[in-house]
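Read off the chains here:
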Amino acid sequence: MKKAMAIICILSCACCISCKKSRIDWHKELKLINPETALLHGRIKSLHSFYYKADEKFGKVIKVERIPAYKLDNGIPEQQVFDKNRNIIESICFESDSSIRTKITYKYNENNHITERNVFDSSGTLLRKNSYIYNENECLVEELTINNKNEIEVKNTFIYDARGDFVEGNSYNSDGKISGKTKSKYDDDNNSLEIIKYNPDGKPKDKNIFKYNSKGSFIEEDSFNKAGILLVKTFWQYDKNERVIESFDYKGESSVKLSRMTSLYDDSGNIIEKCDYMDDGSLFYKVEFKYIYDKNNNWISKIQYYNGVPTLFAEREIEYY
């Protein structure tokens, strides 16, 4: 797992930003949240995804019923449109009857950094808008969430050091009162070493400390509570392509293993097996994936098996520039 991915998990969506390494680029951000999007090859113009409940009859996996993407964990919106710079400019989620549930549009500046994100309901009514403001170094300095009454609901501000690393973030509610603060420290290689989140009263909420390998990928994360007590130690191991092949959690400073996960990938970088183990080392579940690829090496069919039983059938229609 790369450092930006874990920081996204720890902080709010925008608070993960480092001006040098992780500027707010919505396409890259989508890549982190949906690894499959990162693995797309070629100049993609549009991507249409279809999800179905799977079953097996006479030794063949079949599609049973349509499943909306929003009901799936990590489900990519059924319809995505990209510009020629590979920035996503529109995404649409559908209901089971193929009617529109939500539509999101995106705007970018000349440096391909997102400046606006608009969310619409099924009737096309604007629900909320996010706006992003940058400084002269193209570092995100302000993010606003605005409702359909043009009222600010959330405001996030970001402060950077002389090297362009994110060092402090502040969140404000609709009343303009601070709702939280985040501070970060870095090493000489611009790796985030420590992230502390604070409550509105300024008291620490929790703290995370990170360690990296020589390629800048996470190898350890220590999570502490507000009292400074170590709760969980998480470790990652990688293959030669810096893809996570194993992760495991320990309870505090003890040798008690809370969980362990392993992953295998095919030559295209798509995951083909994921195993989750119990604290006693026994297998909790195994998820496997089988793919069919197009001539650009993008998958157009994927079947998911849960403990050997087909559970999900996904298909994609890809249009290229």
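Residues numbered from 1 in each chain as written. Predicted model: local features only at pLDDT ≥ 70, side-chain atom pairs only at ≥ 80, totals over all residues. Heavy atoms only, no water.

## Comments concerning the overall build of the protein
Piece 1. When its secondary structure is counted, the protein shows 3 helices and 21 strands.
Piece 2. Per-residue burial for the protein yields a buried fraction of 45% across its 321 residues.
Piece 3. Considering only contacts in the protein between residues 6 or more positions apart, those separated by 24 or more positions represent 29%.
Piece 4. Summed over all atoms, the accessible surface of the protein reaches about 17,000 Å², with 50% contributed by carbon and sulfur. (Helix = DSSP H or I, 4+ residues; strand = E, 2+ residues; numbered from the N terminus. Buried < 20%, exposed > 50% of the residue type's maximum accessible area, 1.4 Å probe, protein only. Contact = heavy atoms within 4.5 Å. Areas by Shrake-Rupley, 256 points an atom, 1.4 Å probe, with all protein chains shown as cover.)

## With respect to the nonpolar core
Piece 1. By size, the foremost hydrophobic cluster in this structure holds 19 residues, and its most contacted members are Tyr106, Ile114, Leu140 and Tyr160.
Piece 2. Where this core is concerned, the elements lending two or more residues are β1 (44-57), β5 (100-108), β6 (114-120), β7 (126-134) and β9 (152-160).
Piece 3. Ranked by residue count, the leading element in this core is β5, at 3 residues.
Piece 4. Grouped together as the second largest cluster of nonpolar side chains are 11 residues, Tyr51, Ile76, Val287 and Trp299 included. (Core = buried A, V, L, I, M, F, W, Y, C linked by side-chain atoms within 4.5 Å.)

## Regarding the environment of leucine 126
Piece 1. As for its placement among the helices and strands, leucine 126 is situated in strand β7.
Piece 2. Beyond its immediate stretch of four places on either side in the chain, leucine 126 contacts Asn118, Val119, Phe120 and Asn148.

## Brief notes about the side chain of glutamate 220
Piece 1. Tracing the sequence through the fold places glutamate 220 in strand β14 (residues 218-225).
Piece 2. A relative accessible area of 9% places glutamate 220 in the buried class.
Piece 3. Here lysine 233 takes part through its side chain, which lies 2.9 Å from a polar atom of the side chain of glutamate 220.
Piece 4. If we skip the residues at most four places from it in the chain, glutamate 220 touches Ile209, Phe210, Lys211, Lys233, Thr234, Phe235 and Trp236. (Polar contact = N/O pair within 3.5 Å; in protein donor to acceptor, adjacent residues only side chain to side chain.)

## What about the pattern of salt bridges?
Piece 1. Here the structure, examined in full by the defined rule, presents 14 salt bridges.
Piece 2. Measuring nitrogen to oxygen at the nearest pair gives 3.7 Å for the salt bridge that ties lysine 107 to glutamate 116.
Piece 3. Residue class for lysine 107 comes out partly exposed when judged on its relative accessible area of 46%.
Piece 4. Here glutamate 246 and arginine 260 are joined by a salt bridge, their closest N and O atoms 2.6 Å apart. Within this pair, whereas glutamate 246 is found in strand β16 (residues 244-251), its partner arginine 260 is found in strand β17 (residues 257-265), the two being separated by 14 residues in sequence.
Piece 5. Look at arginine 260 and you get partly exposed, because its relative accessible area is 25%.
Piece 6. A single network of salt bridges, built from pairs that share partners, joins Lys211, Glu220, Asp222 and Lys233. (Salt bridge = Lys/Arg side-chain N within 4 Å of Asp/Glu carboxyl O.)

## Some words on the packing of aromatic side chains
Piece 1. Considering all chains together, one arrives at 13 aromatic pairs under this definition.
Piece 2. Both rings, one in phenylalanine 235 and one in tyrosine 250, keep their centres 5.9 Å apart while their planes meet at 80 degrees; by these two values the pair is edge-to-face. Here phenylalanine 235, found in strand β15 (residues 230-238), pairs with tyrosine 250, found in strand β16; they are 15 residues apart in sequence, far enough to count as distant.
Piece 3. An aromatic cluster of three or more residues is present, and its members are Phe210, Tyr212, Phe218 and Trp236. (Phe/Tyr/Trp six-rings, centres within 6.5 Å; stacked < 30°, edge-to-face > 60°.)

## Brief notes about the pairing of strand β20 (residues 299-306)
Piece 1. The pairing of strand β19 (residues 283-293) with β20 spans 7 bridges and is antiparallel. Looking at β20, one finds that tyrosine 293 is bridged to tryptophan 299.
Piece 2. Where β19 folds back onto β20 in an antiparallel hairpin, the turn is made up of 5 residues, including asparagine 297, whose phi is positive at roughly 70 degrees.
Piece 3. Bridge analysis of β20 against strand β21 (residues 309-320) gives 6 bridges, and the strand direction is antiparallel. Within β21, the residue paired with serine 301 across the bridge is glutamate 315. (Pairing = 2+ DSSP bridges.)

## Here we look at the confidence of the model for the protein
Piece 1. Here the protein shows a mean pLDDT of 88. Residues at 70 or above account for 88%.
Piece 2. Predicted confidence for residues 1-18 stays below pLDDT 50, and this span has 56 contacts to residues more than four positions away or in other chains.
Piece 3. Contacts of residues 20-33 to residues separated by more than four positions or lying in other chains number 46 contacts, the stretch itself having pLDDT below 50. (pLDDT = per-residue confidence, 0-100.)

## Comments concerning the pairing of β17
Piece 1. Judged from the 5 bridges that link them, β16 and β17 form a sheet pairing that is antiparallel. Counted as the bridge partner of glutamate 246 is threonine 262 from β17.
Piece 2. What sits between β16 and β17 in their antiparallel hairpin is a turn of 5 residues, with glycine 252 showing a positive phi close to 55 degrees.
Piece 3. Across 6 bridges, the pairing between β17 and strand β18 (residues 271-277) is antiparallel. Looking at the pairing, leucine 264 lines up with glutamate 273 of β18.

## Some words on unusual backbone geometry
Piece 1. Even without glycine at this site, arginine 86 takes up a positive phi of about 70 degrees.
Piece 2. Mapped onto the elements, arginine 86 comes out in the loop between β3 (79-82) and β4 (88-94).
Piece 3. Classification of arginine 86 as partly exposed rests on a relative accessible area of 23%.
Piece 4. Its identity as a non-glycine residue notwithstanding, asparagine 297 has a phi of 70 degrees, on the positive side.
Piece 5. You can see asparagine 297 is positioned in the loop between β19 and β20.

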